[in-house]
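Listed here are the chains, written in short residue letters.
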Amino acid sequence: MSTGTTDSGRNHPASPRVDTFGCVRCGLTVTTVDPAGDRRNHCPSCLHSRHVVDHVEGGPSECGARMSPISIAVLRNGDWMLVHRCIRCDELTSSAIAPDDNQLILIRMAVRPLAQPPFPLEVFGEL
Amino acid sequence: MGRHRSSGRRPQRYKDVTHGRTGRGDAFRCVACRLDVPLVAPGTAHRNHCPHCLTSLHLDRRVPGDRAAECRGRMTVLSMSVRADGEWQLIHQCRSCGKLGANRIAGDDNPLALLRLALRPLTDSTRPIRALLTL
């Protein structure tokens, strides 16, 4: 989420490509626009976000805490969505993934349920 | 089969939700598949979804169990999440207003439906290759 603009962003209001924000978790400075031209709301390196939009009431949120990625959702057209959870107030949000998001963390989250199944998966081989 | 099962389970919040509006008292009927579901579920005190089709109903607003949402839309299952202690958790999305909700799976949830949901991100075979190429 955009936490503030740098000086270069203020000097060039017509060009949003130079607008940046700092990740609240890893501190990486990232541009607010991803390579595909869409606005991003999470860090491409650690995929963490910031709680600035209240999705229950609508409008800006007063929370402002860090949001950690908890799940991968697959849309009907095969695109992936990232589900975030606020570490302070537990609100859930979903956002589209950007082309330069960390693929290793995405895959790690996708296979995470299979690492700790609640039932033995061997039974499914006999079905 | 949580990795941290030995560290002790987090105590569940006491459930004081009344199901008086359904008129049955000890069961609810699934809005999607019309299955009659008993409220008592093995492994959880907070069953909110059908064990057969995993569909839920949008009743709560911010706090689980507050029954303050006016929406009452159908919540279909969106994805599978894993808590830090290894418990599987369903992410529901309301078809009517788009709100997201999370609920632990119950002991009698359909394992095929759960596994199908957990495997959904892995059906795209190009993505693991792309992840390896970033190394």
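Everything below is about the structure shown above.
Note that the structure is predicted; figures quoted are calculated from it, not measured.

A. Structural view of the overall build of chain A. Assigned secondary structure in chain A consists of 2 helices and 6 strands. Secondary structure elements of chain A, listed N to C terminal, follow the sequence α-β-β-β-β-β-β-α. Within chain A, buried positions represent 43% of all 127 residues. Restricting the contact set of chain A to residue pairs at least 6 apart, pairs at least 24 apart contribute 33%. Carbon and sulfur atoms make up 51% of the accessible area of chain A, which amounts to about 6,700 Å² in all.

B. View of the layout of surface pockets. Residue and element names in this part refer to chain B. Here the second largest pocket defines a volume of roughly 400 Å³. Looking at the second largest pocket, it is lined by 14 residues, and the ones nearest its centre are T76, V77, L78, R95 and R120. Of all the secondary structure elements, the ones that give two or more residues to the lining of the second largest pocket are β4 (74–82) and α1 (111–118).

C. Quick peek at the state of the cysteines. Tallied over the entire structure, the rule returns 0 disulfides over all chains. Free cysteine: C43 of chain A, not disulfide-bonded; nearest cysteine sulfur from C26 of chain A at 3.6 Å. C43 of chain A sits in the buried class, given a relative accessible area of 0%. We note that C33 of chain B lacks a disulfide partner, and the nearest cysteine sulfur, in C50 of chain B, lies 3.5 Å from it. Classification of C33 of chain B by relative accessible area gives partly exposed; the value is 30%.

About the thresholds
Residues numbered from 1 in each chain as written. Chains lettered and ligands numbered in written order. Predicted model: local features only at pLDDT ≥ 70, side-chain atom pairs only at ≥ 80, totals over all residues. Heavy atoms only, no water. Helix = DSSP H or I, 4+ residues; strand = E, 2+ residues; numbered from the N terminus. Buried < 20%, exposed > 50% of the residue type's maximum accessible area, 1.4 Å probe, protein only. Contact = heavy atoms within 4.5 Å. Areas by Shrake-Rupley, 256 points an atom, 1.4 Å probe, with all protein chains shown as cover. 1 Å grid on protein atoms, 1.4 Å probe; cavity = no way out; pocket = protein on both sides within 12 Å on 5 of 7 lines; lining within 4 Å. Points joined across faces, edges and corners; volume = space filled by probe spheres on them. Disulfide = S-S within 2.5 Å.

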